[in-house]
Amino acid sequence: MAVLTAPPPPAPVRAGRKPGALAKAPKYVLASVLALIFLLPFYIMLRNALMTRQQVSSPDWSWLPDPLSWVNFGDLFADPSVPMAHALGNSFLVAIVTAPVGTMLGSMAGYALARIDVPGRRAVFTYILVTLMIPQSVTFVPTFVVVGAMGGVNTEWGIIAPNLFSAFTVILFRNFYLRFPGEIEEAGRLDGLGYLGVYRRLVLPNSGSMLASLGALMFIESWNAFLWPLVIGQDPSSWTAQIALSTFLNAQQINLPALFAGALIIIAPLVAMFLLAQRFIVSGIAASGLKE
Amino acid sequence: MTATIEAPPATAAAPKTRRKRRDWRAIGAFAVLTGPMVIGLGLFKYVAIGWSFLLSFNDARGTISLGHWTGLTNYVFLLEDDAFRTSLTTIALFTVFIVPITFVASLALAVLINSIRRGRAFFRTVFLVPAAVSYVVAALVWKMALFNGLPSGVANVIGGLFGADPVPWLSQQNPPVYWVAVVTLRLWLQVGLYMILFLAGLQAISPTLYEAGELDGTSKWQAFRYITLPQLRNTSVAVLLLILIAAFQAFDEFYNLFSTGLAGTSTAPVKPPLVYLYDSALGDQNYGVGSAGAFVLTVIIIVITLLQGRIVGFGKKD
């Protein structure tokens, strides 16, 4: 390892032999085969969502149904026992509130912990940190007890409220603000801004990428959440889309093509997000994975 | 974790005449910014967990109020209940499968993607995009299409190409082939997330290390073994821990694949601990047992986390 002291080359030029296209071919073949396997479930969803009920239970394999049965998407919303449209509305409401509010609360607390030096700051930090020791999903019984006592059963706010307060988000924001350039705040102080003014006018507008990354992760998490909405939203009126689909899946009589149509509709917003805002999602994942 | 907290500089604020006023403003701003989080965590974590802890020593069937103190009865009931112990065996078995497979697969994908240049973004997207799918949707696809056990089910069609007979994947107890479905489901959903972490780790390795290795004439395998792996040590520990903790809290796929028992049979459903807890607390309305179970599980997870930390030398640097 003593060789390491050699000066690094100016550009990341690969030393040694330059692998030609042929040498790389096996890697691309492997990657392509794996890609096909990873995409298979998506293809199956699409195929089955466009089949008739006879076709989907036929013993013969077919690549694509002919003709395509778009009627399944209509049937999905026509089933009176599963209020899919209402459930999608609930999911949207829950995610669209949880993501921005939860991210903001995390940013506020993280900023104060990183940049405002007051007596007791360390105690507050420890108080927040300790809650991370209890694994998230194990707390559904305790949380149900409290939210139930507050009258939150079968309500949208009951689904939303406990997920707004994420110690983990606070820690990530604190780390982010610890590395924040101090000149910005000093300039604000000189202009006569108070602590809150500096945060609101200068710090927050410069936290865009972090807010977007963690906000995107929170949106995904709350859109895909299952256990907590299942626990707290027992009445069909408070079902989220995931609960409605699960009920549909475990029903006695199953309209399979409509079920797959429902799956497609439920994954559509997040798949779109993954394709359009992948930069933020990837940096969010990388940031949250390195919490240690 | 607490070891990372630095003690605040005690001598930061030298006594000045304006000190008192400025402190007051700082305290006000601090309170406004942290207040909502402190109150929210207090309510939904501290009060919730405290109350639940007390409930675990109560006979709390159909009620969440305290008053029927029964000591350790709920804990004794749990530990003597075969169903609870079976659920622990189930999750241990699940962990044994899912942790190493996910770890190796995500590392391998990251290395593969990192070694190709053209099309890297495309492949990264393809491997990551299953993470957008919920467990409910994945369970639907696995249960109703891939592993539905019919001759037209995708797994059986593929098996048929190799001359295998159709397998009733989710309705057969012996041998327990349903593990194939359970493990592949979570693997498909999660492997991309951990791949991203490994990719970040791989890209943080200085290229000069590999160049030095090439000068020394190391083979590709040696470079991986003696440069890549040691450099990924921190990432590996974090990933292992994340996979393990997530696996222990598995609920969604078991609930949706097996909520009606093994499909088409009358055998007992495959229940991990969280499904057991859900049934106790929400099904039987026994909040005492449900609470006790939550604490038993919490202790198990903490112990495993610490043990694993010991084994892989986590925290050595602190």
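What you are looking at is a predicted structure, and each value in this text was computed from that prediction instead of being measured. Within every chain, residues take consecutive numbers counted from 1 along the sequence as written. Following the order in which they are written, the chains are lettered starting with A and the ligands numbered starting with 1. A pLDDT threshold of at least 70 governs which residues receive local features in this predicted model, and a stricter bar of 80 or more applies before side-chain atom pairs are shown or counted, although totals over entire chains, interfaces and linings include all residues.

1. What about the overall build of chain B?
In terms of regular secondary structure, chain B is built from 13 helices and zero strands. Exposure in this text rests on C-beta crowding, where 20 or more other C-beta atoms within 10 Å of a residue's own make it buried, 12 or fewer make it exposed, and counts in between make it partly exposed. The C-beta atoms are placed from the backbone. Going through the 318 residues of chain B one by one, you find that 38% of them count as buried. Helix and strand definitions follow DSSP, with helices as H or I runs of at least four residues and strands as E runs of at least two, each counted in order from the N terminus.

2. Re the overall build of chain A
In terms of regular secondary structure, chain A is built from 15 helices and zero strands. Relative to the globule expectation of 19 Å for 292 residues, the C-alpha radius of gyration of chain A, 25 Å, shows a markedly less compact shape. Across its three principal axes, chain A shows a C-alpha extent of roughly 70 × 70 × 35 Å. Taken across its 292 residues, chain A has 42% of its residues classed as buried. Here the radius of gyration uses the C-alpha set of atoms, whereas the globule reference equals 2.2 Å times the residue count to the power 0.38.

3. Focus on the interface of chain A and chain B
A pair of residues counts as a contact when their C-beta atoms, built from backbone coordinates, are within 7 Å of each other. In this complex, chain A contributes 91 residues to the contact, which on the side of chain B involves 86 residues. Looking at the side of chain A that touches chain B, the element that brings in the most residues is helix α1 (residues 21-49) of chain A, giving twelve residues. Three residue categories are used. Nonpolar comprises Ala, Val, Leu, Ile, Met, Phe, Trp, Tyr, Cys and Pro, charged comprises Asp, Glu, Lys and Arg, and polar comprises the others, including Gly. For the side of chain A that touches chain B, a count of residues per class yields 68 nonpolar, 16 polar and seven charged.

4. Digging into the domain arrangement of chain A
Residue and element names in this part refer to chain A. Structurally, chain A comprises domain 1 (31-69) and domain 2 (83-289). Bear in mind that the domain bounds are from an automatic or database domain assignment. Each of domain 1 and domain 2 has a C-alpha centre, and the two are 34 Å apart. Between domain 1 and domain 2, the contact holds nine residues from the first and seven residues from the second. Mapped by element, the contributors of at least two residues to the side of domain 1 that touches domain 2 are α1 and α2 (53-56).

5. A closer look at the nonpolar core
In this description, a nonpolar core means buried residues of the types Ala, Val, Leu, Ile, Met, Phe, Trp, Tyr and Cys, linked to one another by C-beta atoms lying within 7 Å. Among the nonpolar cores identified, the biggest contains 169 residues, and Leu-245 and Ala-263 of chain A together with Val-137, Ala-138, Leu-140 and Val-141 of chain B are the most heavily contacted of them. By residue number, the principal contributor to this core is helix α7 (residues 178-203) of chain B, which donates 14 residues. Two domains each put at least three residues into this core: domain 1 (31-69) and domain 2 (83-289) of chain A. Those residues in contact with Ala-263 of chain A that sit more than four places away from it in its chain are Met-45 and Leu-245 of chain A together with Val-137, Leu-140 and Val-141 of chain B.

6. Quick notes on unusual backbone geometry
Peptide bonds are mostly trans, and most non-glycine residues show a negative phi. For Asn-154 of chain A, which is not glycine, the phi dihedral falls at a positive 65°. Tracing the backbone shows Asn-154 of chain A in the loop between α6 (140-149) and α7 (156-160). For Asn-154 of chain A, a count of 15 C-beta atoms within 10 Å puts it in the partly exposed group. Unusually for a residue other than glycine, Gln-285 of chain B sits at a positive phi of about 55°. Positionally, Gln-285 of chain B belongs in the loop between α12 (273-283) and α13 (287-312).

7. Considering the confidence of the model for chain A
Interpreting fine coordinate detail is not advised for predicted regions of low pLDDT. All names here are of chain A. Across chain A, pLDDT averages 86, with 91% of residues at or above 70. No element of chain A has a lower mean pLDDT than α2, at 79, and none a higher one than helix α4 (residues 84-115), at 95. Taken as a whole, residues 1-17 scores under 50 in pLDDT and shows eleven contacts with residues more than four places along the chain or in a different chain. Scored from 0 to 100, pLDDT reflects the predictor's confidence in each residue.

8. Regarding the packing of helix α5 (residues 135-146) of chain B against α7 of chain B
For any two helices packed against each other, the geometry is given by the interaxial angle and the distance between the axes. Residues and elements named next belong to chain B. Comment: axis = line fitted to C-alpha atoms, over the contacting stretch for helices; angle = value between 0 and 180 degrees taken between N-to-C directions. Viewed as axis vectors pointing N to C, α5 and α7 meet at an angle of 135°, and their least axial separation amounts to 10 Å. As judged from the angle between their axes, α5 and α7 are oblique. Like other packed secondary-structure pairs, α5 and α7 cross with a definite hand, here right-handed. Along its contact with α5, which presents Tyr-135, Ala-138, Ala-139 and Trp-142, the element α7 presents Ala-181, Leu-185, Trp-188 and Leu-189. An angle counts as roughly parallel when it lies under 35 degrees, as roughly antiparallel when it exceeds 145, as roughly perpendicular when it falls between 65 and 115, and as oblique in every other case. If you view the pair so one helix is near and one far, a crossing is left-handed when the near helix is turned anticlockwise from the far one by less than a right angle, and right-handed when it is turned clockwise.

9. Things to note about α6 of chain A
The α-helix winds at 3.6 residues per turn, so residues separated by three or four positions along the chain end up facing the same way. Residues and elements named next belong to chain A. Burial of α6 is extensive: eight of the ten residues sit out of reach of the surface. Of the residues making up α6, those classed as buried are Phe-140, Val-141, Pro-142, Thr-143, Phe-144, Val-145, Val-146 and Val-147. Phi turns positive one or two residues past the end of α6, at Gly-151, with a value near 80°.

10. Section: α5 of chain B
The element α5 of chain B is largely enclosed, with a buried count of twelve among its twelve residues. Of all the residues in α5 of chain B, the buried ones are Tyr-135, Val-136, Val-137, Ala-138, Ala-139, Leu-140, Val-141, Trp-142, Lys-143, Met-144, Ala-145 and Leu-146 of chain B.

11. Describing the environment of Thr-89 of chain B
Looking at the element boundaries, Thr-89 of chain B is found in helix α3 (residues 82-115). Taking C-alpha positions, Thr-89 of chain B is 9.2 Å from Pro-273 of chain B, a pair spaced 184 residues apart along the chain.

12. A closer look at the environment of Ile-116 of chain B
Tracing the backbone through its elements, the reader meets Ile-116 of chain B in the loop between α3 and α4 (120-128). Assessed through the 15 C-beta atoms surrounding it within 10 Å, Ile-116 of chain B is described here as partly exposed. Every residue in contact with Ile-116 of chain B, bar those within four places of it in the chain, is listed here: Lys-24, Lys-27, Tyr-28 and Ala-31 of chain A.

13. What to know about the confidence of the model for chain B
Residues and elements named next belong to chain B. Across chain B, the average pLDDT comes to 83, with 88% of residues at 70 or higher. Below pLDDT 50 for its whole length, residues 1-19 participates in twelve contacts with residues either more than four positions away or in separate chains. The complex prediction reports pTM at 0.87, with the ipTM value standing at 0.87.

14. Some remarks on the environment of Leu-109 of chain B
All names here are of chain B. As for its position among the elements, Leu-109 is in helix α3. Considering only alpha carbons, one finds Leu-109 and Trp-142, 33 residues apart in sequence, at a separation of 22 Å. When neighbours within four sequence positions are excluded, Leu-109 is seen to be in contact with Phe-127, Val-191 and Met-195.

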